[in-house]
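# Residue-level structural notes
Residues per chain are reported as follows:
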Amino acid sequence: MHRYIILIIALLQSYCVLAEGGRQLNLAGQWHVQLDPEDVGEKNGWTNRSFMTSIKLPGTTDDAGLGVENTLIPALTKPQLSHLTRKHRYVGAAWYTKEVLIPKGWAGKEMILNLERIIWESTVWIDGVEVPQKQRSLVSAHEFDLSSFLQTGKKHRLTIRIDNRKKLAISVDDMAHAYTDHTQIMWNGIIGSMYIEARDLIHIRQLAVFPVLRSKRLDMCIALSNKTQKKTNSILKVRIKLKGDKTYLPTVEKEIALVPGDSSIHLSYDLGVNTRPWNEFSPNLYEAEVECQSNAGINQIETSFGMRELSKEGTVLKINGEPLFLRGTLECSIFPLTGHPPMDKAGWQKVFLTARQWGLNHLRFHSWCPPEAAFAVADEMGFYLQVELPIWENNVGKDDAVLRFLYEEADRMIKQYGNHPSFCFWSMGNELSGDFDALNALVKHIKEKDKRHLYTATSFTFQQGHGIVGEPFDDFLITQWTAKGWVRGQGVFNSEPPVFNKNYSASLDGVSIPVVTHEIGQYAVYPNLEEIKKYKGVLKPLNFIAVAEDLKSKGLLHKAKAYTRSSGKLAAILYKEELERALKTPGISGYQLLDLHDFPGQGTALVGLLDAFWDSKNILSAADFRQFCAPVVPLLQFAKAVYTNDEVFEGIMDISNYGAGALEGQLIEWSMKDGERTIAQGHFQTAIAQGHNANVGRFEIPLRAIAQAKKLTVHIHIKGTTYQNHWNIWVYPKENKIDFAEVSYTRELDEALGLLKAGRKVLLNPDWKKIMGIEGKFVPVFWSPVHFPKQAGTMGLLCDPKHPVFASFPTEGHTDWQWWDLQIKSTTMLMNQMKGGQTIVEMIDNFTNNRKLASLFEGAVGKGKLMVASFDLATDLDNRPVAKQMLQSILSYMNSAKFDPKIIENPEVLQQILQYKESQEKAAPGAIY
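Notes on the structure follow. As the structure is a computational prediction, the values presented were derived from the model and not from experiment.

### Examining the overall build of the protein
Each helix and strand counted, the protein has 13 helices and 53 strands in total. For 929 residues, the compact-globule estimate of 2.2 N^0.38 gives 30 Å, and the C-alpha radius of gyration of the protein, at 32 Å, lies within 12% of that figure. Referenced to the eigenvectors of the C-alpha coordinate spread, the extents of the protein come out at roughly 105 × 65 × 60 Å. A sequence separation of at least 24 residues applies to 72% of the contacts in the protein between residues at least 6 apart.

The following block contains the structure:
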């Protein structure tokens, strides 16, 4: 019995299945494939023959295990660290074939082959005869008219040649995400729906809808095809209903005379006074159905749409007349199990549900266009998408073939995805440079053709003279800096002491359109090695495995989890300030994070609080992230992170309200706490308008009652809502007496060695500017130490906050703002050769080196006891309360019985660790480029 079942299944897979009332022949199932790396297929007659190798489509050669098998082994070298490794890689021509039986009932109909999502180029043969319609597209389905090649009731051999080799110069180093091995791989195959569709000789080719919200009207452009070779009278019927409703609004009918060939009809439909708009809070979708009745039959087409209107007013983005702030992250086609984007809604629901859970309302598709399923889910959830043409190139506009391809791809995107309300923003590509006249002409052309979206010429550019105020046809500007300065933390957080009452307004001087900050963040997190076991698909994480093996060889594997958590905590702290500073800036209408989740390419850029699978790394909860990433965010302006107890803390409250409406008569509560103990509290009542609300309240708290060093937390809560936020500050005693007592302090190693020989306790604090080591930084690795090797590559500190050395210096086990001064005024020591002793403050090295690093170290040398601090504990202590407090805490520990360090077995290596160097200036933020 089982044999017969298998035989029946095999027969079904050999042919095709009719669907949708007999109008579609589903081609999914078993095919046969032959790789053709030498391009001999056509010469050898492969256009009309079967092959031995079976493959399931939709699918890829990677899925089938075809191509060159990977032979790389884990290693901390560039091929393995560049990106995830394909288990089988094939780039070239591949031939796919199967037999199809055309239904008898299709006589007299057009027959269109639809192949959703192919990389680059496809060619089709029917029974060995080429269909002369070679297709190239990276954004939409490849379509072939097979009407003159197929006979109904007959079996035909359908052969498809797919060539995934690069056809045009669309990408710097093949990094554009439409065609890359860094995220989406350069797969060969067909990954979406595949079918032959029967169309009546008179049919509706396309329905384009244009909502006019202010007039509560839907304008439609109905494209029709009449292949009967004669003028035909027809009736168009339009029906519209709210999605989910059973009842349609009144039907609109129009009699038309269709001339032979293609034509278009423009209609308008009045939706009435109860029109429901579409936005993130109420993603109301309508369904429009257009029916064409003629003597050739009845033909229908459907589309969903949302009544939404995007606009700009000065420097403010608006949706449906209300202020809009984009809380976004990038989506770079990162799907590490398949190496390609999901083509069904279920695959995209996790992406958008997770993004919403973390407070986002916006995704930017960097240098690629997602498939239909992504738009459909975004429509339903109320997400604002930015879509881009498939290009990231430095010579845009200088290659006629590339430029022509971009115009064609733009037309295809309008046709296939233009009706989706989630398709809100359109950039021509990523970080483009070249001929801006040609680029601006492209923007003008698309904008005149389709006014449903807002446009920008490029998502940032490094080209001088561009990208700082906007191009002539830009509706908004995406940038990381302007002519007046940075608008993201990369240029601020390491260069300036931490302050929380600044924004980017000075940098926006002279910018007259809304600004969206470009790829903010990029704070590297140490690889989460627990992730290795998740890679059960077509990609192998040789980069992660190499890191794990290197740590194991150095006896550091047990620290991997702590490295991930500590570096991740620092990244979260920096992301919080990135987002809040943008929210505090009038004129900024959004940010695009790079990234909420990891980017496994471009040198293994693990910059996310989520991994590449959109799963949390458990660094920060989604609820905590939503405190500063939500429709409504309480904000606090205050002067600094560190105070002394003779000062007064002054807080000025802002409220960022991009929620569904104004908040009237709202009670806002504030408090300052020491752990669970409330030190001060208060409240006030105010109206909160939509948009940025500056200086809605202020309060002062004298700090004189704080007698000991403390970490305090300031909380703000909008009563009756879930909207709350908090910030840490550190308060130290002003009259902090430094008592060296039994400790000898020196800045010279030779003097320290002499004192140790005499059995003394020694605090060695060499001049950080004059010793070898790694430049002290507050921020971690930017993006990736492989992609940007010209940077001091540490990833924050790791310490035990319960160590007695921190008894008078409150700290967590990771970097926080109070460490800024100490880390900036430091040089990180390289401790690989040290045997014995103990590192107290470890600096986490980047994963390409995994060296043992320290900025505070202790050990016994002979009869003496040594503490080495490579951050500045000597200079201007009266104006550096953190350094003074750290020195006091170190001395208290060293003067106690708890100071009993382990023996340093090879003290002679101190000469190498602390060897002299010429003083050097710190690297500028942009030096990595």
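### A closer look at the pattern of salt bridges
Pairs may arise between side chains of opposite charge once their charged atoms sit close together. One pass over the full model with this rule turns up 59 salt bridges. With a closest N to O distance of 2.9 Å, D163 and R165 form a salt bridge. A residue is classified by how much of its surface remains accessible, and D163, at 2% relative accessible area, is buried. For R165, a relative accessible area of 24% gives the class partly exposed. Here D615 ties to K534 by a salt bridge, and the two come within 2.8 Å at their closest N and O atoms. With D615 in the loop between β37 (588–594) and α9 (622–625) and K534 in the loop between β35 (515–521) and β36 (539–540), this pair connects stretches of sequence that are 81 residues apart. Residue classification places D615 among the partly exposed positions, given a relative accessible area of 25%. A residue is classified by how much of its surface remains accessible, and K534, at 27% relative accessible area, is partly exposed. Connected via shared salt-bridge partners are D39, E121, R136, R161, D163, R165 and K167.

### Considering the layout of surface pockets
Space inside the largest pocket adds up to approximately 2000 Å³. Lining the largest pocket are 50 residues, and of these E143, Y195, E197, R205 and I301 sit closest to its centre. Within the residue set of the lining of the largest pocket, elements represented by two or more residues are β10 (110–115), β13 (142–145), β16 (194–199), β17 (202–212), β22 (286–294), β23 (297–305), α4 (372–381) and α5 (400–417). Element by element, the count of residues in the lining of the largest pocket is highest for β23, at 7 residues. When grouped by side-chain class, the residues that make up the lining of the largest pocket number 13 nonpolar, 17 polar and 20 charged.

Calculation notes
For every chain, the first residue of its written sequence is number 1, and the numbers climb from 1 along that sequence. In keeping with the model being predicted, local features are shown solely for residues with a pLDDT of at least 70 and side-chain atom pairs are shown and tallied solely at 80 or more, while totals for entire chains, interfaces and linings include all residues. Calculation of side-chain values draws on the structure's entire complement of heavy atoms; hydrogens and water are dropped beforehand. Only runs of H or I of at least four residues qualify as helices and only runs of E of at least two qualify as strands under DSSP, and these elements are numbered from the N terminus. In this treatment the radius of gyration is a C-alpha quantity, and the globule benchmark scales as 2.2 Å times the residue count to the 0.38 power. We call two residues in contact whenever any of their non-hydrogen atoms come within 4.5 Å of each other. By convention in these notes, a salt bridge is any Lys or Arg side-chain nitrogen within 4 Å of a carboxyl oxygen on Asp or Glu. Summary of the burial criterion: residues with accessible area below 20% of their type's maximum are buried, those above 50% are exposed, and those between are partly exposed, where the area comes from a 1.4 Å probe applied to protein chains only. Computed over the protein atoms alone on a 1 Å grid, cavities are sets of points where a 1.4 Å probe fits but cannot get out and pockets are open sets with protein on both sides within 12 Å along at least five of seven lines; a residue lines them when it has an atom within 4 Å of a point. Grid points are joined across faces, edges and corners, and a volume is the space filled by probe spheres set on the points. Side-chain classes follow a simple rule in which Ala, Val, Leu, Ile, Met, Phe, Trp, Tyr, Cys and Pro form the nonpolar group, Asp, Glu, Lys and Arg form the charged group, and the remainder, Gly included, forms the polar group.

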